[in-house]
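# Summary of the model geometry
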Amino acid sequence: MKPDQISSIFWMVPGVIVIYLSCQLGLGSLSRPGPGFMTFWAGVILCLLAVLLFLHAKFISQQKMRTVSKLWLGVSWSKPTLILIGVLGYGFVFEHIGYILATTALLILFFRAIEPIKWWKTLSWAVISAFISFAVFDLWLQVQLPHWIPETFLFKIKRILF
């Protein structure tokens, strides 16, 4: 059995589990979807993609298949790792320091890590983007985002340290 066939079977298992559990939650109808409606269709898509991968691997010749080692040859992992750490850190500090500061810090990391640009451009675009996105989500769409209030931030630090 080819490696792609094995990986397609691997992805078929969670797809079937998601479909089964979604049916247990209740699908509802197209006009009144139930709690399992979206996850059901996500499981169906996952299973369909796994079947397509299995069939593709079955009918393609071994010489046309690339080996995994050739596929990842020469890939630099420093930038993706830095971005992953930044997004995880964003999730941890988001509620503590507020949307604007956390988003500004994340955008600075993105702008400097992906394609380094001058600092003044990095800072200005990060601050402008954070404030515009805050205005769109918090003020216009009225999504509740954490606000940074210096007093609560200082009290949290005081509670942690003492």
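All figures in this text were calculated on a predicted structure; none of them were measured in a lab.

## Thoughts on the overall build of the protein
- A count of helices and strands for the protein gives 7 helices and 0 strands.
- For the protein, the succession of helices and strands along the chain, N to C, is α-α-α-α-α-α-α.
- Scored against the burial criterion, the 162 residues of the protein give a buried share of 22%.
- Put simply, 53% of the contacts in the protein that link residues at least 6 apart link residues at least 24 apart.
- When the accessible surface of the protein is split by element, carbon and sulfur atoms take 75% of a total near 12500 Å².

## Topic: the nonpolar core
- If you look at the biggest cluster of nonpolar residues, it comprises 8 residues: Y90, F94, I97, Y99, A102, L106, F134 and L145.
- Once you skip the residues sitting within four places of it in the chain, L106 turns out to touch G86, V87 and Y90.

## Structural notes on helix α2 (residues 37-59)
- With 23 residues, α2 should reach 33 Å at 1.5 Å per residue; the first-to-last C-alpha distance of 34 Å fits that figure.
- Those residues of α2 lying buried are F37, F40, G43, V44, C47, A50 and A57.
- Considering only its buried residues, α2 is in contact with α1 (3-25).

## As for unusual backbone geometry
- You will see that Q142, though not glycine, has its phi angle at about 60 degrees, which is positive.
- Q142 gets classed as exposed once you look at its relative accessible area, which sits at 65%.

## Describing the confidence of the model for the protein
- Mean pLDDT over the protein: 84, with 85% of residues reaching 70 or higher.
- In the model of the protein, helix α7 (residues 150-161) stands out as the element of lowest mean pLDDT, 56, in contrast to α2, which has the highest, 92.

## Points about α1
- With 23 residues, α1 should cover 33 Å at 1.5 Å per step; its first-to-last C-alpha distance of 34 Å lies within 8% of that length.
- Within α1, burial applies to Q5, S8, G15 and S22.
- Elements in contact with the buried residues of α1: α2.

## Section: the packing of helix α4 (residues 78-97) against helix α5 (residues 99-113)
- Contact geometry of α4 with α5 gives a least axis separation of 8 Å together with a crossing angle of 170 degrees. Regarding the angle of α4 to α5, the classification is roughly antiparallel. Judged by residue contacts, K79, L82, I83, G86, V87, Y90, V93, F94 and I97 of α4 engage Y99, L101, A102, T103, L106, L109, F110 and A113 from α5.
- Along the lines of polarity and charge, the residues of the contact of α4 with α5 split into 14 nonpolar, 2 polar and 1 charged.

## Structural notes on the side chain of T122
- Examined against the element boundaries, T122 turns out to sit in helix α6 (residues 119-140).
- For T122, the residues in contact, after removing those within four places along its chain, are I108, F111, R112 and I117.

## Here we look at the packing of α5 against α6
- One way to put it is that α5 packs onto α6 with a least axis distance of 8 Å and a crossing angle of 140 degrees. The angle between the axes of α5 and α6 places the two elements in the oblique class. In this structure, α5 meets α6 at a crossing whose hand is right-handed. Where α5 approaches α6, its residues Y99, I100, T103, T104, L107, I108, F111 and R112 are matched on the opposing element by W119, T122, L123, W125, A126, V127, S129, A130, F131, S133, F134 and F137.
- The residue inventory of the contact of α5 with α6, partitioned by class, reads 14 nonpolar, 5 polar and 1 charged.

Parameters and conventions
Residues numbered from 1 in each chain as written. Predicted model: local features only at pLDDT ≥ 70, side-chain atom pairs only at ≥ 80, totals over all residues. Heavy atoms only, no water. Helix = DSSP H or I, 4+ residues; strand = E, 2+ residues; numbered from the N terminus. Buried < 20%, exposed > 50% of the residue type's maximum accessible area, 1.4 Å probe, protein only. Contact = heavy atoms within 4.5 Å. Areas by Shrake-Rupley, 256 points an atom, 1.4 Å probe, with all protein chains shown as cover. Core = buried A, V, L, I, M, F, W, Y, C linked by side-chain atoms within 4.5 Å. Expected span 1.5 Å × (residues − 1). pLDDT = per-residue confidence, 0-100. Axes fitted to C-alpha atoms, helices over the stretch in contact; angles between N-to-C directions. Parallel < 35°, antiparallel > 145°, perpendicular 65-115°, else oblique. Nonpolar A, V, L, I, M, F, W, Y, C, P; charged D, E, K, R; others polar. Left-handed = near helix turned anticlockwise from the far one by under 90°.

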